Amino acid sequence: MHKKKNFYNDFKINIDENYFLKILKKSDVSEKYVSWLNDYEVTKFTEQKYYKHDFKSVLNFVQEKYISEKEFLFGIYFNNQHIGNIKLGPIKWEHKSAEISFFIGEKIFWGKGIAKKCIKKIIDFGVEELSLRKINAGYYQTNFASNKVLKKCGFKVEGIRKSDLIFENKRIDLILVGYIPNNN
Ligand SMILES: CC(C)(COP(=O)(O)OP(=O)(O)OC[C@H]1O[C@@H](n2cnc3c(N)ncnc32)[C@H](O)[C@@H]1OP(=O)(O)O)[C@@H](O)C(=O)NCCC(=O)NCCS
């Protein structure tokens, strides 16, 4: 089972000539990274908005994911500049399935198709390198960018948790989506 150990030590996934993903470790935490997590515009469609983040809490989070056998926390990098994160996990190794979540903290990088490229690469990594056969995600009904990007990456709506969340004083749905590779 312990498949994660093969991917420590500055493991990188190249996206294209400018972008790459790498497993985050404590030395990658910066004030800029902390500031994204305290930016309502970045976190409003995630549960992170309910927490106050500081350097220490982010260090702890990164270290917890680094040592976890069930989670891969990747930083998204543009020419060595950390611009966001994408996480694969928790992974249910027994079931060959996993959750995926992501954000781009540097807002000038929104709408350039980066999330799409990163999600596709993580799917390939999960399916080809980790033998995963199912990848799940969930998003707020009001998160149109996630809706669009996940659809473009081949995710299909599998369920709607009606009225599960509160977003800006309104009750909204949680949309559950999943990706099943062809060779399932
Ligand atoms: C969600 C997020 C990662 C998308 O990243 P991205 O790199 O901008 O995504 P992409 O450029 O690959 O695709 C976004 C698509 O959604 C569209 N989009 C963006 N905002 C939108 C909006 N408010 N309404 C409708 N469509 C929107 C874009 O136009 C683009 O579509 P296109 O390719 O047809 O032009 C980014 O917006 C983000 O980090 N948001 C905050 C955190 C977050 O919501 N994380 C996901 C939690 S489930």
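Everything that follows concerns the structure shown earlier in this document.
Predicted model only: the values in this text are computed from it and were never measured.

Here is what the cut-offs are and how they apply
- Residues numbered from 1 in each chain as written.
- Predicted model: local features only at pLDDT ≥ 70, side-chain atom pairs only at ≥ 80, totals over all residues.
- Near = placed C-beta within 6 Å.
- Helix = DSSP H or I, 4+ residues; strand = E, 2+ residues; numbered from the N terminus.
- Nonpolar A, V, L, I, M, F, W, Y, C, P; charged D, E, K, R; others polar.
- Buried ≥ 20, exposed ≤ 12 C-beta atoms within 10 Å, placed from the backbone.
- Arc of directions from axis to C-beta.
- Contact = placed C-beta atoms within 7 Å.
- Pairing = 2+ DSSP bridges.
- Axes fitted to C-alpha atoms, helices over the stretch in contact; angles between N-to-C directions.

Student: Just checking my understanding: could you explain the site of the ligand for this structure?
Tutor: The environment of the ligand is made up of 20 residues, and the closest members are Phe103, Ala115, Lys116, Phe144 and Ala145. A per-element tally of the shell around the ligand places helix 5 (residues 144–152) first, with five residues. Residue composition of the shell around the ligand, grouped by class: 12 nonpolar, five polar and three charged.

Student: Would you mind showing me how to read helix 5 here?
Tutor: Three- or four-residue spacings in an α-helix give side chains the same orientation, since the helix completes a turn every 3.6 residues. Along helix 5, the residues classified as buried are Ser146, Val149 and Leu150. Along the axis of helix 5, the buried positions cluster into a sector of 95°, meaning they face one direction only. Those residues of helix 5 that are exposed and aimed more than 90 degrees away from the buried face are Phe144, Lys148 and Lys151. The elements touched by buried residues of helix 5 are helix 4 (114–129), strand 6 (134–140) and strand 8 (170–179). Just downstream of helix 5, glycine 154 is the residue with a positive phi angle, here 95°.

Student: Can you walk me through the sheet that holds strand 1 (residues 12–14) in this structure?
Tutor: Two modes of strand pairing occur in sheets, parallel and antiparallel, and in both the strands are linked by backbone hydrogen bonds. Ordered by their spatial adjacency, eight strands build an open sheet running 1-2-3-4-5-6-8-7, and the pairing between neighbours is mixed. Looking at strand neighbours, the two that pair on one side only are strand 1 and strand 7 (156–167), the edges of this open sheet. Recorded for the sheet is a direction-independent mean angle of 25° between the axes of neighbouring strands. Taken together, the seven bridges between strand 3 (residues 72–78) and strand 4 (residues 81–92) define a ladder with antiparallel strand orientation. Paired with phenylalanine 78 across the bridge in strand 4 is glutamine 81. Of the strands in this sheet, strand 1, strand 2 (19–23), strand 3, strand 4, strand 5 (97–104), strand 6 and strand 8 are in contact with helix 4, which crosses strand 5 at around 155°.

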